[in-house]
Amino acid sequence: MTDYKYYLDNGIFDIQNGRFQNGIENINKSLELKNDWEIPYFYRAVAFQALENFDEAILDYTKALQLNEKMIDAYYNRAKILLSRKDIENPDLTRAINDLEKALEFDPNFVEALYAMAAAQKKIGDFTNALAYLDRLLEIEPEAVHARALKKLLLTKYVK
C-alpha cells in the first residue's frame, strides 16, 4: 500500500480508539510517503501525549504549527503539556502562555484555553490577570464549575 491517506486514516482511527502505539506506527508510514502537511504530526503528537511521551509530543505539535500556524488545538495541547508536566522542575510557563495567547488570538471564545490561561497566570502569581481570564470565560459559559471554583479560590486566598 503506497497511499499516505490510507495509513493516516488508520492511524487516526487507532488513536481515537486508544490504540496509540498502532496509531503512531500507521502515521509513521503515512509520513514516509508524505510529510509536508500538519495533520499527521498533530495526531501523532496526540498519541505521544496520551502515552506521556511529552518531548515527542511537543516536537510534533511544533512541526504541525510550522506547517500550519493556525492550528489552534496544537497551541492549546502544547501549552497543556507545559503547564501540567511534573517530570521537569521548571516547565516553560512563558512558552505555555504564548501558546495560549496564540490560540485565543484565533479563537477568543476557546473556553478551555481561557481556563488554562487563568491557571497559567495563577502559577506565575498574576492573580489579577487570572481573574480577568476567568471573567471572560464566565461571560461565555456562566455555569463553568471549574472556573467558578478557581475564581473563588483566587478571591479568598490570593487577592485581598
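Residues numbered from 1 in each chain as written. Predicted model: local features only at pLDDT ≥ 70, side-chain atom pairs only at ≥ 80, totals over all residues. Heavy atoms only, no water.

Peer 1: Just checking my understanding: could you explain the overall build of the protein for this structure?
Peer 2: Scanning the protein from N- to C-terminus turns up nine helices and zero strands. Overall, the protein shows an N-to-C arrangement of helices and strands of α-α-α-α-α-α-α-α-α. Over its C-alpha atoms, taken along the principal directions, the protein stretches across nearly 65 × 35 × 25 Å. Across the 160 residues of the protein, 41% fall into the buried class. Within the protein, contacts between residues at least 6 apart in sequence are counted, and of these 47% link residues at least 24 apart. Counting only carbon and sulfur atoms, one obtains 48% of the accessible surface of the protein, whose full area is about 9000 Å². Across the protein, the mean location of the 21 positive side-chain charges is 5 Å away from that of the 26 negative side-chain charges. (Helix = DSSP H or I, 4+ residues; strand = E, 2+ residues; numbered from the N terminus. Buried < 20%, exposed > 50% of the residue type's maximum accessible area, 1.4 Å probe, protein only. Contact = heavy atoms within 4.5 Å. Areas by Shrake-Rupley, 256 points an atom, 1.4 Å probe, with all protein chains shown as cover. Lys, Arg positive; Asp, Glu negative; His and termini not counted. Charge placed at Lys NZ, Arg CZ, Asp CG, Glu CD.)

Peer 1: What's the story with the pattern of salt bridges in this structure? I'm lost.
Peer 2: If the charged atoms of two oppositely charged side chains come close together, the side chains can form a pair. Applying the stated criterion across every chain, the model contains eight salt bridges. Note that R85 is salt-bridged to D55, the shortest N-O span being 2.9 Å. One end of the pair, R85, is in the loop between α5 (72–84) and α6 (93–106); the other, D55, is in helix α4 (residues 54–67), and 30 residues separate them in sequence. Residue R85 is classed as buried on the basis of its relative accessible area of 10%. Note that K151 is salt-bridged to D135, the shortest N-O span being 2.6 Å. Here the residue K151 occupies a position in helix α9 (residues 145–158), and D135 occupies one in helix α8 (residues 127–140), the gap between them amounting to 16 residues. (Salt bridge = Lys/Arg side-chain N within 4 Å of Asp/Glu carboxyl O.)

Peer 1: So what exactly am I meant to see when it comes to helix α1 (residues 4–16) here?
Peer 2: In an α-helix there are 3.6 residues to a turn, and that puts residues three or four apart on one side. Given a rise of 1.5 Å per residue, 13 residues ought to cover 18 Å, and the 18 Å separating the end C-alpha atoms of α1 matches this to within 8%. Those residues of α1 that fall on the buried side of the exposure criterion are Y7, L8, G11, I12, D14 and I15. What you see down the axis of α1 is that its buried residues fit within an arc of 160 degrees, all on one side. Packing partners of the buried residues in α1 comprise α2 (20–33) and α3 (38–50). Where α1 ends, the next residue or the one after it, G18, has phi of about 80 degrees, a positive value. (Expected span 1.5 Å × (residues − 1). Arc of directions from axis to C-beta.)

Peer 1: Explain the packing of α2 against α3 to me, please; I cannot follow it from the model alone.
Peer 2: When two helices pack together, their arrangement is given by the angle between their axes and by how far apart the axes lie. In contact at an axis separation of 9 Å, α2 and α3 are set at 155 degrees when each is read in the N-to-C sense. Viewed along their axes, α2 and α3 adopt a mutual orientation that is roughly antiparallel. α2 and α3 meet at a crossing whose hand is left-handed. Along its contact with α2, which presents F20, I24, I27, N28 and L31, the element α3 presents P40, Y41, Y43, R44, A47, F48 and A50. (Axes fitted to C-alpha atoms, helices over the stretch in contact; angles between N-to-C directions. Parallel < 35°, antiparallel > 145°, perpendicular 65-115°, else oblique. Left-handed = near helix turned anticlockwise from the far one by under 90°.)

Peer 1: Looking at this model, I keep getting lost on unusual backbone geometry. Mind explaining?
Peer 2: What you tend to see is this: most non-glycine residues have negative phi, and most peptide bonds are trans. You will see that E52, though not glycine, has its phi angle at about 65 degrees, which is positive. Among the secondary structure elements, E52 is positioned in the loop between α3 and α4. Residue E52 is classed as exposed on the basis of its relative accessible area, which comes to 57%.

Peer 1: Quick question: what am I supposed to make of the nonpolar core here?
Peer 2: Soluble, globular proteins show a tendency: their nonpolar side chains are buried together. Formed by 49 residues in total, the largest nonpolar core has its most connected members in Y61, L83, L100, L104 and L137. Beyond its immediate sequence surroundings of up to four residues, L137 is in contact with V111, L114, Y115, A144 and A147. (Core = buried A, V, L, I, M, F, W, Y, C linked by side-chain atoms within 4.5 Å.)

Peer 1: Looking at this structure, how should I read the confidence of the model for the protein?
Peer 2: In low-pLDDT regions, the fine details of the predicted coordinates are not to be read closely. Put simply, the protein has an average pLDDT of 94, and 98% of its residues get 70 or more. For the protein, α9 is the element with the lowest average pLDDT, namely 94, and α3 is the one with the highest, namely 98. (pLDDT = per-residue confidence, 0-100.)

Peer 1: Help me understand the packing of aromatic side chains in this model?
Peer 2: Each aromatic ring pair is characterised by the separation of its centres together with the angle its planes make. Applying the stated criterion to the full structure yields seven aromatic pairs. Geometrically, the ring pair formed by Y6 and Y7 is edge-to-face, given 5.3 Å between the ring centres and 75 degrees between the ring planes. We classify Y7 as buried; its relative accessible area is 13%. Both rings, one in F127 and one in Y158, keep their centres 4.6 Å apart while their planes meet at 25 degrees; by these two values the pair is stacked. Remark: Y158 occurs in helix α9 and F127 occurs in helix α8; sequence separation between them is 31 residues. (Phe/Tyr/Trp six-rings, centres within 6.5 Å; stacked < 30°, edge-to-face > 60°.)

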